[in-house]
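Chain and residue survey
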Amino acid sequence: MKKDAVFIFSEEQLGYSFSDSHPFNQKRILLTLDLLKKSGAIQDSDIIAPRMATDEELLLAHDKKFIEIVKKAGKGELTEDVGSIYGIGTDDTPIFPNMHEASAMLVGGTLTAVDEVMQGRSKYALNLGGGLHHGFHGRASGFCVYNDSSVAIKYLQKKYGARVLYIDTDAHHGDGVQWSFYDDPTVCTLSIHETGRYLFPGTGSITERGNGSGYGTSFNFPIDAFTEDESFLSVYKTAIKEVTEFFKPDVILTQNGADAHYFDPLTHLYGTMDIYKEIPRVAREIAEQYCEGRWIAVGGGGYDIWRVVPRAWAHIWLAMKNIPTPTGPLPEDWLSTWQEQSPVTLIPTWEDPVPLYEPIPRKDEINEKNAQMLSRALHMIRNEKIDK
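Throughout what follows, the structure given in this document is the object of discussion.

1. Notes on the state of the cysteines
- Per the counting criterion, the structure on display carries zero disulfides.
- With no disulfide of its own, C188 lies 11 Å from the sulfur of C291, the closest cysteine sulfur.
- Under the relative-accessibility criterion, C188 is labelled buried at 0%.

In structure tokens form, the structure reads like this:
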């Protein structure tokens, strides 16, 4: 019988670990899974172990020399000078043991999710270990070694002949995926992110539209720093519906970074848990309307691993299972299990405290700037429809 959703996980995914002090911490997957279990929202039968991506699969989106360099790095055989050329051994992407194997396992998790959906065993699939959207063809970047989404999209094209819509709601621009398919008319990339004026990687302008035959299949919606829920969701809901109607994909792949939240230490957006309730539910509706339900979701950024990521990511699974949005207290046994380890006081409820922050003096100005940006972007999309 076809499942509603599968959750891709094994403890091998936790091997992708730069250091105890690095902001990218895979413990957030454990926290999320444990929250779902203690909420009664997931069963062991819903969980599928990932496989490791093969070199042949990695070559779909990565250079052979780069893969060899990553292997050397993980064995302690790479010099600092050579590593820096490939973005490895930097502050963002330091070397760690078995770097290749750990990175390939995250890619394999997303490929496992793809096969579950595309072979009809499940409507939806979630791999929170994926979402490494800054990885390039021959270079690591921004905490990302291999780019699981780029490999997965190439895999979807090669194995299933699919027309893919990639939707990225991480606070950082999905640059690695965008550039991988910038000239490909059969892949559409949509990224909603904090403007690059203030934040890594500095790309994602509204004018980045694609190249050659791929022109008109790259869409960016850069929102202003300090953007709050209402404006974020207005851009998101309008953009995703317009772009999906324009592109008409066979399958949707969503990257679900949880770093647009007010508590995130690396970004400047003022989102609350309200956006993370809505993002996956809208994605599911779009997948049902246009793709016969085919929806693959991956993780991404999210650096307040205690107060934000578990609650935010739990909403993806809840949306996939069509479980009503929970309210009120989190499970007491989850709070008691993790509070001892947390350096901050955990939020004890599914909702954020109100008020979460002081009012933003420039709220109206920020909302207006985002609305103008959205209007310009929609004008481009509608012109594309006419030309098409």
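2. Let's talk about the sheet that holds strand β5 (residues 187-194)
- Spatially, eight strands are ordered β2-β1-β3-β8-β7-β4-β5-β6 in an open sheet, and the strand pairing comes out parallel. The open sheet has two edge strands with one neighbour each: β2 (47-48) and β6 (218-223).
- Each of β3 (122-127), β7 (251-255) and β8 (295-298) touches helix α9 (residues 273-290); the most contacted strand, β8, lies at about 155° to it.

3. Topic: the packing of aromatic side chains
- Counting across every chain of the model gives 18 aromatic pairs.
- With 5.6 Å between their ring centres and 80° between their planes, Y16 and F96 make a pair best called edge-to-face. Linking Y16 in the loop between β1 (3-8) and α1 (27-38) with F96 in the loop between α4 (80-85) and α5 (99-118), this pair joins segments that are 80 residues apart in sequence. For the pair Y16 and F96, a shared accessibility class is recorded, and that class is buried.

4. Observations concerning the nonpolar core
- Ranked by internal contacts, the top residues of the largest apolar core, which has 77 residues, are F7, F221, F232, Y236, W295, W317 and M320.
- Beyond its immediate stretch of four places on either side in the chain, W295 contacts V117, K123, Y124, A125, I252, T254, P280, A283, R284, A287, I316 and M320.
- Among the nonpolar cores identified, the runner-up in size contains 50 residues, and F18, L58, V107 and V151 belong to it.

5. Topic: the layout of surface pockets
- The calculated volume of the largest pocket comes to roughly 240 Å³.
- Together, 13 residues line the largest pocket, and D229, T272, D274, V354 and Y357 are the ones closest to its centre.
- Grouping the constituent residues of the lining of the largest pocket by class yields five nonpolar, one polar and seven charged.

6. Remarks on α9
- With 18 residues, α9 should reach 26 Å at 1.5 Å per residue; the first-to-last C-alpha distance of 27 Å fits that figure.
- Inspection of α9 places M273, I275, Y276, K277, I279, P280, R281, V282, A283, R284, I286 and A287 among the buried residues, and these make up the whole buried set.
- Those residues of α9 that are buried are in contact with β3, α8 (229-247), β7, β8 and α10 (309-320).
- Of the residues trailing α9, E292 is marked for its positive phi of about 55°.

7. Looking at the pairing of β1
- Bridge count between β1 and β3: four bridges; the pairing is parallel. Its bridge partner lying in β3, A5 is registered against Y124.
- Looking at chain direction, β1 and β2 are connected through two bridges and run parallel. Bridge pairing links I8 to I48 in β2.
- For the handedness criterion, the β-α-β arrangement of β1, α1 and β2 is classed as right-handed.

How each quantity is defined
Residues numbered from 1 in each chain as written. Predicted model: local features only at pLDDT ≥ 70, side-chain atom pairs only at ≥ 80, totals over all residues. Heavy atoms only, no water. Disulfide = S-S within 2.5 Å. Buried < 20%, exposed > 50% of the residue type's maximum accessible area, 1.4 Å probe, protein only. Pairing = 2+ DSSP bridges. Helix = DSSP H or I, 4+ residues; strand = E, 2+ residues; numbered from the N terminus. Contact = heavy atoms within 4.5 Å. Axes fitted to C-alpha atoms, helices over the stretch in contact; angles between N-to-C directions. Phe/Tyr/Trp six-rings, centres within 6.5 Å; stacked < 30°, edge-to-face > 60°. Core = buried A, V, L, I, M, F, W, Y, C linked by side-chain atoms within 4.5 Å. 1 Å grid on protein atoms, 1.4 Å probe; cavity = no way out; pocket = protein on both sides within 12 Å on 5 of 7 lines; lining within 4 Å. Points joined across faces, edges and corners; volume = space filled by probe spheres on them. Nonpolar A, V, L, I, M, F, W, Y, C, P; charged D, E, K, R; others polar. Expected span 1.5 Å × (residues − 1). Right-handed = clockwise from strand over helix to strand, strands pointing away.

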